[in-house]
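Tertiary structure, described
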Amino acid sequence: MKKILILVDQLHSHGGIEKLVAIKANYWSVVFGYEVTILSTEQGAKPVLYNLSEEVTVCDLKINYNRIKSYFSFQNILKLLKNIVSVQRFVLKEKPDFIVVASHIPITYVVPFLFGGAKTIKEFHFTKFSRTNSGLKDKLLTYIESQYDFLVVLSEEERGFYFSTNTVVIANPIEDSTVTFDVSSVKKENIAIAVGRFAPVKQWEKLIEIWSTFHHLNSTWKLHIFGEIGNDYYEKLATLVKEKNLQEQVLFKGQSNAIHEELAKAKVLLMTSEQECFPMVILEANAVGVPVISFDCPTGPRNIIHNYKDGILVAYDDNASFVKELITFASDKNLQLELSANAERNAKHYAIASIMQQWNELIFRAND
């Protein structure tokens, strides 16, 4: 039986990486029969948000990095040393065959140099579009990455931003059981939906500007925005909505544990990000027949969306073009139906069985 160790910071918050860790750990343990352990650094006593199989072992190392300070601060360096010792002890005792670094955590830079003989894998869930490899820091990162046995990236485009020969492309999967209701029975409303964290990189303010123009011609439509509310950026957006008198048209809905049902009610998902890597929300929307209109930003959406087949790609940061495409979509029911049907088909290309088989063939059994 193969033994897999997954390293993360936590599994108590809503997030794409956290959900993917749960999906993979469950599949590797239940379907493949591998022994899977998840080691976290900051889980504490909080419950794991996403369901994990009883076959999966979860252990928190209680490192608790100070996220307010730099990872290179004296306090966090001491915590990193504790982190290294804790993981090294675990590896020598349990002798895992593979160590998967699933999130970007300080020990990322140390894992390839641990003793124990395990194959090391680093997953990348963010784009390196702007990386040049010209500075000392980038060259050091490239060296560290080259010491991993595998670097797992999410698209062929992303592979081009890496300078190591150990790069493997494996897309994110979508679970067959993601949709637990009859999508065809859900009545579509004049709702556009947006889902994500409230961070400047998502450029929500551009979406609000776009909606401000769009709603004058489409007063029956509403925009529902889902994400954890409460930070400074959210407050800025809430103020902008009030300034534009859009309180009745733009609704902040907070987080939802039934996001697929919320997605299914909408006719389209909107994305105005500055950059993305491989946004799972596109696949989640597609799985319930919801197409996506997105800026053609680096680098994720264009690796999932097929323009005017299962979604629409808009010239990057072109608000006027986005409004135009949204108006066209809202006024053309045949286009809505065509994109919706094709979006559902598109999601099937990322079925979990197919993606997990790639993990098995390219990583876990590559040298069998």
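Residues numbered from 1 in each chain as written. Predicted model: local features only at pLDDT ≥ 70, side-chain atom pairs only at ≥ 80, totals over all residues. Heavy atoms only, no water.

Next up on the list: helix H3 (residues 136-146). Since one α-helical turn is 3.6 residues long, residues separated by three or four positions face the same way. For H3, the full list of buried residues reads Asp-138, Leu-141, Thr-142, Ile-144 and Glu-145. One side of H3 carries all its buried residues, which in axial view fall inside an arc of 165°. Across from the buried face of H3, at angles greater than 90 degrees, the exposed residues are Leu-136 and Leu-140. As for H3, its buried residues are in contact with strand E6 (150-153). (Buried < 20%, exposed > 50% of the residue type's maximum accessible area, 1.4 Å probe, protein only. Helix = DSSP H or I, 4+ residues; strand = E, 2+ residues; numbered from the N terminus. Arc of directions from axis to C-beta. Contact = heavy atoms within 4.5 Å.)

Attention now moves to the sheet that holds strand E10 (residues 250-254). Ordered by their spatial adjacency, 6 strands build an open sheet running E10-E9-E8-E11-E12-E13, and the pairing between neighbours is parallel. The strands lining the two open edges of the sheet, one partner per strand, are E10 and strand E13 (311-314). This sheet shows a mean twist of 25° between the axes of neighbouring strands, independent of strand direction. Direction of pairing for strand E8 (residues 191-195) relative to strand E9 (residues 222-226): parallel, over a ladder of 5 bridges. Across the sheet, residue Ile-193 finds its bridge partner in E9, namely His-224. (Pairing = 2+ DSSP bridges. Axes fitted to C-alpha atoms, helices over the stretch in contact; angles between N-to-C directions.)

Packing of helix H9 (residues 319-331) against helix H10 (residues 333-348) leaves a shortest axis separation of 5 Å and a crossing angle of 95°. By the angle between their axes, H9 is roughly perpendicular relative to H10. Together, Thr-328, Phe-329, Ala-330 and Ser-331 of H9 and Lys-333, Leu-335, Gln-336 and Leu-339 of H10 make up the contact between the two elements. Looking at the contact of H9 with H10 residue by residue, the classes come out as 4 nonpolar, 3 polar and 1 charged. (Parallel < 35°, antiparallel > 145°, perpendicular 65-115°, else oblique. Nonpolar A, V, L, I, M, F, W, Y, C, P; charged D, E, K, R; others polar.)

Glancing now at unusual backbone geometry. Residue Thr-299 follows Pro-298 across a cis peptide bond; omega there is -10°. Mapped onto the secondary structure, Thr-299 falls in the loop between strand E12 (292-295) and E13. Here Asn-64, not a glycine, exhibits a phi torsion of approximately 55°, which is positive. One can find Asn-64 in the loop between strand E3 (57-60) and helix H2 (74-94).

Taken in spatial order, the 7 strands make up an open sheet running E3-E2-E1-E4-E5-E6-E7, and their pairing is parallel. Of all strands in the sheet, those with a lone pairing partner are E3 and strand E7 (167-169), marking the two edges. The mean inter-strand angle of the sheet, taken between neighbouring strand axes irrespective of direction, is 25°. Here strand E1 (residues 3-8) pairs with strand E2 (residues 35-40) via 6 bridges, running parallel. Each bridged residue has a counterpart across the sheet, and for Lys-3 the counterpart in E2 is Glu-35.

Attention shifts here to the layout of surface pockets. Considered as a void within the structure, the second largest pocket measures approximately 560 Å³ in volume. As for the second largest pocket, its lining consists of 23 residues, of which His-104, Tyr-109, Lys-128, Lys-137 and Leu-141 are closest to the centre. When contributions to the lining of the second largest pocket are tallied by element, the ones reaching two or more residues are H2 and H3. In terms of residue count, H3 provides more of the lining of the second largest pocket than any other element does, 6 residues in total. Of the residues in the lining of the second largest pocket, the class split is 13 nonpolar, 4 polar and 6 charged. (1 Å grid on protein atoms, 1.4 Å probe; cavity = no way out; pocket = protein on both sides within 12 Å on 5 of 7 lines; lining within 4 Å. Points joined across faces, edges and corners; volume = space filled by probe spheres on them.)

A cluster of nonpolar side chains, Phe-72, Phe-74, Ile-77, Leu-78 and Leu-81, forms an exposed patch at the surface whose accessible area comes to about 570 Å². Relative to the helices and strands, Ile-77 resides in helix H2. (Patch = residues over 30% accessible without salt bridge, like charges linked within 9 Å, V, L, I, M, F, W, Y side chains within 5 Å. Areas by Shrake-Rupley, 256 points an atom, 1.4 Å probe, with all protein chains shown as cover. Salt bridge = Lys/Arg side-chain N within 4 Å of Asp/Glu carboxyl O.)

With that out of the way, let us pick up the environment of Trp-28. By secondary structure assignment, the location of Trp-28 is in helix H1 (residues 16-30). Trp-28 gets classed as buried once you look at its relative accessible area, which sits at 0%. For the pair formed by Trp-28 and His-349, sequence separation is 321 residues and the distance between their alpha carbons is 20 Å. Contact partners of Trp-28, with chain neighbours within four places excluded, come to Ile-4, Ile-6, Gly-33, Tyr-34, Val-36, Val-100, Met-356, Trp-359 and Phe-364.

With that out of the way, let us pick up the nonpolar core. Judged by nonpolar contacts, the single largest core of 58 residues is most densely connected at Ile-4, Ile-6, Trp-28, Leu-269, Trp-359 and Ile-363. Beyond its immediate chain neighbours, meaning those up to four positions away, Ile-6 contacts Val-21, Ala-25, Trp-28, Val-36, Thr-37, Ile-38, Leu-39, Val-100 and Ala-102. (Core = buried A, V, L, I, M, F, W, Y, C linked by side-chain atoms within 4.5 Å.)

The subject of this paragraph is the packing of aromatic side chains. Two aromatic rings, taken as a pair, are described by how far apart their centres are and by the angle between their planes. A full pass over the atoms with the stated rule returns 21 aromatic pairs. Relative to Phe-126, the ring of Phe-124 has its centre 5.7 Å away and its plane inclined at 70°; by these criteria the two rings are edge-to-face. When its relative accessible area of 4% is taken as the criterion, Phe-124 is described as buried. Accessibility expressed as a relative area gives 34% for Phe-126, which makes it partly exposed. A network of ring pairs unites the aromatic residues Tyr-27, Trp-28, Phe-32, Tyr-34, Phe-98, Trp-359 and Phe-364 as a single cluster. Positioned over the ring face of Phe-124 is Lys-122, at 4.9 Å from the centre of the ring. (Phe/Tyr/Trp six-rings, centres within 6.5 Å; stacked < 30°, edge-to-face > 60°. Lys NZ or Arg CZ within 6 Å of the ring centre and 35° of its normal.)

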